Structures are given as C-alpha cells and as structure tokens.
There are 2 protein chains.
Amino acid sequence: MKQGYRVKSAEILCVGTEILIGDIINTNAAYISTRLAEMGINQYHQEVVGDNPDRLRYYLKNALDRADCIIMSGGLGPTYDDLTKETVADLMGRELHMHERSLQRLESYFAGRKIKMTDNNRKQAMIPDGSVVFDNDCGTAPGMAVEDEERGKIVILLPGPPRELHPMMDNAVIPYLSQFTESVFFSRNINIFGMGESTVASIVDDIMQTSENPTVAPYAKDSEVRLRVTAKGSDKEACASLCDEMIERIRQTEVGACIYGVDTSLEEALVARLKEKGLKIAVAESCTGGMVSKTITDVRGSSAVFDGGVISYANEVKQQLLGVSAHTLETYGAVSEQTAMEMAEGVKKRMNADIGIALTGIAGPDGGSEEKPVGLVYIGVSGKAGTFAKELRIRNNGRDYIRVSATKNALHAAICEAERA
Amino acid sequence: MKQGYRVKSAEILCVGTEILIGDIINTNAAYISTRLAEMGINQYHQEVVGDNPDRLRYYLKNALDRADCIIMSGGLGPTYDDLTKETVADLMGRELHMHERSLQRLESYFAGRKIKMTDNNRKQAMIPDGSVVFDNDCGTAPGMAVEDEERGKIVILLPGPPRELHPMMDNAVIPYLSQFTESVFFSRNINIFGMGESTVASIVDDIMQTSENPTVAPYAKDSEVRLRVTAKGSDKEACASLCDEMIERIRQTEVGACIYGVDTSLEEALVARLKEKGLKIAVAESCTGGMVSKTITDVRGSSAVFDGGVISYANEVKQQLLGVSAHTLETYGAVSEQTAMEMAEGVKKRMNADIGIALTGIAGPDGGSEEKPVGLVYIGVSGKAGTFAKELRIRNNGRDYIRVSATKNALHAAICEAERA
C-alpha cells in the first residue's frame, strides 16, 4: 500500500451534455461502480455534469470535499468543448505540459491509420504535471490520475467511450487503486435458473446472515438469479479460495439443483457444455423468431456446436422444413406440446444434430385467446433419450419480456439436455 | 400556464443503492432527460444517491437551491428502506396521509391478482399533503408532485421500475409539467442510413446554422445517423407543421437519398414498407446467426410479412436447406458474393417469399485471413428483378459490432429492395 494514502470512498462524476439530454445512457457509471464495489471502495453518490467548465469545477470541488477519490469520465476529446483536463488542472493548481510518451503513441496511432494528425489531437497528449498516465490501447485520449498528496485526494480522468474506458479501468485503474486499499476484494457470481429470488434468499438466508467473509448477496435480473460471493483478503488467490469454499457450500443446499454455472451466462454455459460432450445443437423457432439462435451465436466459437436453425413463423414452414404433420397442426394447433415436439425432432434430424430445441408460443400483443393467452409458450426438446415438451406461462409483461424469457428457458432446457446426454 | 410558476430548469435525482454499486444501469435518467429536453426544460446536472435518508435530504436540499423542479425516481416501494416520500415530506414540511383513491387502486390491484395485501403495501398509498397524485397503471406505487408555492419549486416522485416510470412520465408528468412551461417543444427524428455523420452534417450545415426554429441537430448511433428537428411553438400542431416543413427541406438535399424514415427504426420501416406493398420476406443467415430474423420479428405484427428463415452456419445446411451448390462453396468459399446470392435465392424459393435476404461473413474473433478478414460480409438480395450481392468491409470493432452492423445493412438492403418492387 502506497505511503500515507487510503482510498475508502469514491464518487463518479461523468461529463457530457449528451448524457444530460438523454441522448446516451450512462453505462460508464455502472461499469465503474461495479469495479469499485468489488474493491470494497464505498460509493454514496454519483453525478453527471454537462460540458461547462464552471459547473464542472463547482461539482468537482464539492465531490472532493466528500470522497477520497473522484473518478471522472468524458471530456478528454480533441474539441474545444472537451475541458475536463483543463478544469481539473486549474482546480488542483497544476499546469498542463506535453507528455512525450502519450504524444508518441498518438503519432503512431494516426500514422497506423494513415490519418493526418491535427493540433487538436496533440492537445490530447497534454497532461497535468505530476500525473500518473494510463495509456489508451483502444483510442486516442490517455487517462490519468492526479494526486493531491497534502489532502490525500485523487482525481482519475478516463475517456468517455465505453470501449476505451472498460479496458483502461480493468488494466490500469484497478491495479493503480489497489495500492491505496488495505485489502483485495474478489467476487464470483453463482448463476441460478428456475428458482425465484425470494426462494433462493430464504434457502441461503442462514448462510447470508452468518457469513462475514465471504459475503453472499442475491440479485435478480431478466428471469435469472445470481448469488454474488465476495471475499476480502490479502491477495486474489486467498479470496478466490474463500469464494470457492462458499460456492461449494451453497451447492450443497437446495439451491444447488438450479445452479447452472459460475461467472457465466446461459448461452456461454450451453456452448461450453456442448463442447465438453462433443454434441451439436439445432434450433427451430417460432415466437422467438431467431432470438435463441442469435443468442447462442453471440458466443465466440459457437460454430463448433451449432450448425444451424430454422425460423418457422408460418405453418407451411413448420411442415415443409421441419416435417411437422398437417394432422398435428390441425388437431392441436401451432402452439401446442405436440407441435413443439415435432419441431424439435424435425430440426434435429434436418440439421443432423444431437439435440433439437424448438419454441412455439404467443409473444403478443395480438394472437392470444382465453384458451391460449399471450405468454403461453411450449419448448420442445429432442435428445438421445427421446423427445418431450414443457409448457411455460410467461407473465404478459410485453412482447420483449416474453421473448427474452422464452429464450432463457430454452437455453436452460438445452443445458439440462446436454447434461443428461 | 399555471399562475405564478415557471419550470425552466430541472434536475434528476435517482435513488437506489443498486445503481450506486453498478448492479443496474440508470436508464431512468436517460428516459426522463429525453422527455425534459423535448419540453425545452434545461438540465445542468443529474445525480444518484443510495437508500439513505440523511444523504438523500442533503442532496435534495442542494438540488432545490439550483433548479425549479427536481424529478426523483425510486424509493417508493413497500419495504423499510424505501424512504423517498418520507424524506421529501419532511424536507418540505408536509405530513403524510392516506390517499383514498390510491388505496382503492392498491386494493383492487391485489384483489385482481389474488395476492394478500400487507400493511407494507398500504404504506405506498400514503401521500404528502397537498400533492398532485399520478396513478400507476403498471404497478403499485403512485407517483406525485409536491409543490412549494412560496419558493416556486416542484418535487416530482416517480417509481423506480422503468415499465412503471415510462408510462407515468409520458401520460401524467409531461401534461402536468406543460402547465408550467411557456412554450411547447416537439421533435421529430429523420432516420438516415448509408451516410456518415460528418457527411450529413456538412451537407445540412447551412440549414443547421441558419435555422432557429426548428433547430436541427445530428446524432450518430450504431452505424445510423439521425437528424433531430425540434420546434418550439404555442401548441403541438403548430410545432409539428414547422418540423414537417423542415423535414421536407432536408429531403431536397443530398441527404434525401439516404433517408429511410422519420421517427422509426430500420426494422419498423421494413415491416411497414412490406405491408404497404403486400410483400413477404425470407432471411438466410450465416454470420449473424438469427439476428436479422430476430430483429424483424421484434416488430409487432411482423408475421404478416415474415414467414420464416434459415440459419445456415454449416456448409451442409447451406447446401441442403438453401440449395447452395457444392461447386460454389468449393470454388468461391462460404464467404463470397456467389454464396450470398445462392442463399438469398434459395431462401426466397424455400419460403415462397417475394424477397430473399442472405448474409454470410466473418464475425470473428477467429476465422479471418488476409484475403478474407474479420468484418468481411456479403449481403445477398433476391427480388422480382433478379439477384445481386453487396460486399461490406466492417471495421473490426468486435464480434457484436460486426453482427449489428451487418444486420442493419441487411435490413436497409431489404428496405431498398421493397421500394424497388
């Protein structure tokens, strides 16, 4: 730990008129917050200010009175209204000077792209005296930390674009800040599907109440539940081992049966499971219209386990491409267990896959009836041991919600099938 | 306009520890901001505070010193740490009393869902004296406006969940606030595809510089450009007519050829165009793995124009389901103009559609070569007049970016084909 400094609390101050007028959603604040929380740095307040140096100065000054560290994002660009650096330097009594390494990096960035570098761009390499500079591997503006040793305060400036900010936060800011924290924090997320948040919480309530290190906290999101296990210790390895013990303990509870992975997503867990077992999957979709296939192929390297799928909105497509029988469609309807099963079998056969997954349902807003309401979805699963279907009655929170929920259920059904195979 | 009051400036104060620790992204602030900007209400600052009444009081008090109106979201729930209402009432010297209409609404909400109502839930119907109450059509917590007539300040409290906040903002808060603004503001967005932001800006530069009402401003997002036209006037109709004149003027410039719609999205514009012309579309996807079909079927009522699609990751699927010839795959490869054209023809025929769209490319991160780098995508279009393919060389900003950009290009190509048909 660096001499004399402690960072116990931080505030986030994002700069940009485009956030204030709602033109972009402030995802940077959420990203930085998550990382700070993992380090055990307290956050009581965050704010957004426009590209106005007077107001920026006012809010920054107030924030510095409250927190040990202020993390700012935005306003490091090349244009005249990018004034974050100048305002911070002024407030903290520093002068800006050309930073040679940053200038060289900028020159080679532009040379590599065969773009002429302007004087505006050179401005991006001007740094307040005595700053710690964070190289930008994904853009032009370097980040920096300006330390006020007397007051024990740190101001960190990061570029606004998320694809520049995320790697800089992970690779430079976290190692930098860890000099000023007494312990290391490390979290792992247990991924749970098929059990509600309140049920999960009631089962692990005793563990949550009695465990101080690591701590365990539940979070619900998009029909999934996560349990975040956070350990505090002298180094990352010690924390990881504390987390792993706790994860093992939670696996032994009734929650265990619904845990599909750790630090993963349904689609990543599915692709990994299929790879392990050397299985291929094929998908036939009606109400989700491609969302399941799209989600599987979001995963890098999914082509090893996924050859293709069919989107069968119309009954003719269900018949011709998937071999669903006219009899089934007439007798039971397109939204039925029977159709889901025949779709799953059909796509498995058609794609020469090991597992076939099918979805048919009513995503709304139209098309529902008393007997078959909006939100009714059947998932067909065809594997080595046979074919079955399950019925979902998804709450009608709108078309998007129903489609996302159906997709997650289908991915989970596929994981279970892969485990059985 | 209501007597004696003016709302010229507002600040947004979101309440919730889950935002501070990065567990949820603050989309409410962006939503509220957009609506306020449209009304011409200035915003210079926004902030987030945790579920802590002392800090909440401190920040709210400061915000009231700066702005005419504070809009708060969150902390209206039934649990003990939901304290927004109590804190506002205390700061503004009001008592909380049971609000009969809200209580009745709550009772019928729970009765309708056959859930027992607890005392905690009754707490949600307690309202500071003299407030204007906004009914919640999508949840339990009513919103409210607490007016301080002496100081000419208004505090508006809204529920945290976006699906409750959005309709309340649109249906109750905007009409309420419009009593306190001198003019009405109204915006329309011109949707542009296939022209970069700087080109668009340079073409309409003269219009942007000289036009005061309506104003015109460019925004770039996800490979699209929007021109936002905002008019100020005595009523909505007068503003709309000013906007329409400006839109017509911009259509006459070189930008006109790249305008695909107004206040729409590529997928909505495509579905509308296909409906108008009575055409059906079918999609064959390789690198996008279902994203194009998923995006089309995001649109309500898309089943009228979309019967289905094929996701052909593997070459065998391209051959067997789409009829791409082995010769083409061997000679030109799966990622080629020729394959894209045969996929488009094949899916059109297979689905008995009027337009077939196909995508084949390299989304990465692996699979690229010097000759066929990551980001190379071919879009095949097969319509009444024949079949062609176009080559895209998408910047390698990652797998997601490439897939989204390819999807948008495919949707745009389909719009152009529908217009030609």
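Residues numbered from 1 in each chain as written. Chains lettered and ligands numbered in written order. Predicted model: local features only at pLDDT ≥ 70, side-chain atom pairs only at ≥ 80, totals over all residues. Heavy atoms only, no water.

Draft legend 1. The arrangement of the confidence of the model for chain A in detail. Taken residue by residue, chain A gives an average pLDDT of 93. The fraction at 70 or more is 99%. With a pTM of 0.82, the predicted complex shows an ipTM of 0.80. (pLDDT = per-residue confidence, 0-100.)

Draft legend 2. Here's a closer look at unusual backbone geometry. Residues and elements named next belong to chain B. With omega at 5 degrees, the peptide bond leading from Asn213 into Pro214 counts as cis. By the element assignment, Pro214 lies in the loop between α9 (205-210) and β10 (215-221). Cis peptide bonds are those with omega within 30 degrees of zero, and the linkage from Gly364 to Pro365 qualifies with 0 degrees. Inspection of the secondary structure assignment puts Pro365 in the loop between β15 (355-361) and β16 (376-383). (Helix = DSSP H or I, 4+ residues; strand = E, 2+ residues; numbered from the N terminus.)

Draft legend 3. Representation of the packing of aromatic side chains in the model. Residues and elements named next belong to chain A. Here the structure, examined in full by the defined rule, presents 10 aromatic pairs over all chains. Taking 5.5 Å as the distance between ring centres and 70 degrees as the angle between the ring planes, the aromatic pair formed by Tyr109 and Phe110 counts as edge-to-face. The class for Tyr109 is partly exposed, based on a relative accessible area of 24%. When its relative accessible area of 8% is taken as the criterion, Phe110 is described as buried. Over the aromatic face of Tyr31 sits the side chain of Arg35, whose NZ or CZ is 4.7 Å from the ring centroid. (Phe/Tyr/Trp six-rings, centres within 6.5 Å; stacked < 30°, edge-to-face > 60°. Buried < 20%, exposed > 50% of the residue type's maximum accessible area, 1.4 Å probe, protein only. Lys NZ or Arg CZ within 6 Å of the ring centre and 35° of its normal.)

Draft legend 4. Layout of the interface of chain B and chain A. Counting from both sides, the interface comprises 61 residues of chain B and, opposite them, 62 residues of chain A. Of the roughly 5000 Å² buried where chain B meets chain A, counting both sides, 53% is carbon and sulfur surface. On the chain B side of the interface with chain A, the three residues burying the most area are Leu20, Asp23 and Ile311 of chain B, jointly 11% of the side's total. The interface formed by chain B and chain A holds six salt bridges in total. Of the charged contacts, one joins Asp23 of chain B and Arg228 of chain A as a salt bridge, the two residues approaching to 3.7 Å between their closest N and O atoms. (Contact = heavy atoms within 4.5 Å. Buried area = accessible area lost by both parts, 1.4 Å probe. Salt bridge = Lys/Arg side-chain N within 4 Å of Asp/Glu carboxyl O.)

Draft legend 5. Here's a closer look at the nonpolar core. Counting residues in hydrophobic clusters, the biggest one holds 84 residues, and the most contacted among them are Leu359 of chain A together with Leu359 of chain B. Membership of the second largest hydrophobic core comes to 30 residues, among which are Val317 and Leu321 of chain A together with Val324 and Ala353 of chain B. (Core = buried A, V, L, I, M, F, W, Y, C linked by side-chain atoms within 4.5 Å.)

Draft legend 6. Representation of the packing of helix α2 (residues 27-38) of chain A against helix α7 (residues 162-177) of chain A within the structure. Residues and elements named next belong to chain A. Viewed as axis vectors pointing N to C, α2 and α7 meet at an angle of 25 degrees, and their least axial separation amounts to 11 Å. The orientation of α2 relative to α7 falls into the category roughly parallel. The chirality of how α2 crosses α7 is right-handed. In this structure, α2 uses Thr27, Asn28, Tyr31, Ile32, Arg35 and Leu36 to contact α7, whose residues at the interface are Pro162, Leu165, His166, Met169, Asp170, Ile174 and Leu177. Here the contact of α2 with α7 is composed, by residue class, of eight nonpolar, three polar and two charged. (Axes fitted to C-alpha atoms, helices over the stretch in contact; angles between N-to-C directions. Parallel < 35°, antiparallel > 145°, perpendicular 65-115°, else oblique. Left-handed = near helix turned anticlockwise from the far one by under 90°. Nonpolar A, V, L, I, M, F, W, Y, C, P; charged D, E, K, R; others polar.)

Draft legend 7. Local environment of the environment of Asp129 of chain A. Residue and element names in this part refer to chain A. Residue position: Asp129 is located in the loop between β5 (126-128) and β6 (132-134). With relative accessibility at 31%, the residue Asp129 sits in the partly exposed group. In the structure, Asp129 is positioned 35 residues away from Arg94 in sequence and 5.8 Å away in space, judged by C-alpha atoms. Ignoring anything within four residues of it in the chain, the contact list for Asp129 reads Arg94, Glu95 and His97. In this structure the side chain of Asp129 is engaged in a polar contact, spanning 2.7 Å, whose partner is the side chain of His97. (Polar contact = N/O pair within 3.5 Å; in protein donor to acceptor, adjacent residues only side chain to side chain.)

Draft legend 8. Layout of the relation of the copies chain B and chain A. For these two chains of identical sequence, chain B goes onto chain A by a turn of 180 degrees and a shift of 0.1 Å along the axis, with RMSD 0.1 Å. What we have between these two chains is a two-fold relation. When the interface residues of chain B are mapped onto chain A, 100% of them again fall at the interface, so both copies present the same face. (Least-squares fit on C-alpha atoms with pLDDT ≥ 70 in both.)

Draft legend 9. Helix α3 (residues 53-66) of chain B, seen in detail. Residue and element names in this part refer to chain B. Here α3 is 14 residues long and its end C-alpha atoms lie 20 Å apart, about the 20 Å a rise of 1.5 Å per residue gives. Every buried residue belonging to α3 is among Leu56, Tyr59, Leu60, Ala63 and Leu64, and all of these are buried. The arc enclosing the buried residues of α3, seen along the axis, measures out at 140 degrees, which places them on a common side. Facing away from the buried surface of α3 by more than 90 degrees, the exposed residues are Asp54 and Asp65. Sitting at the head of α3, Asn52 places a side-chain oxygen 3.0 Å from the backbone nitrogen of Asp54. (Expected span 1.5 Å × (residues − 1). Arc of directions from axis to C-beta.)

Draft legend 10. Quick peek at the pairing of strand β7 (residues 143-148) of chain A. All names here are of chain A. Burial within β7 is extensive, with five of its six residues counted as buried. Summarising the sheet, β6 and β7 pair through three bridges and their orientation is antiparallel. Its bridge partner being in β7, Phe134 is matched across the sheet by Gly143. Direction of pairing for β7 relative to strand β8 (residues 153-158): antiparallel, over a ladder of five bridges. Bridging from a neighbouring strand, Glu147 pairs with Ile154 of β8. (Pairing = 2+ DSSP bridges.)

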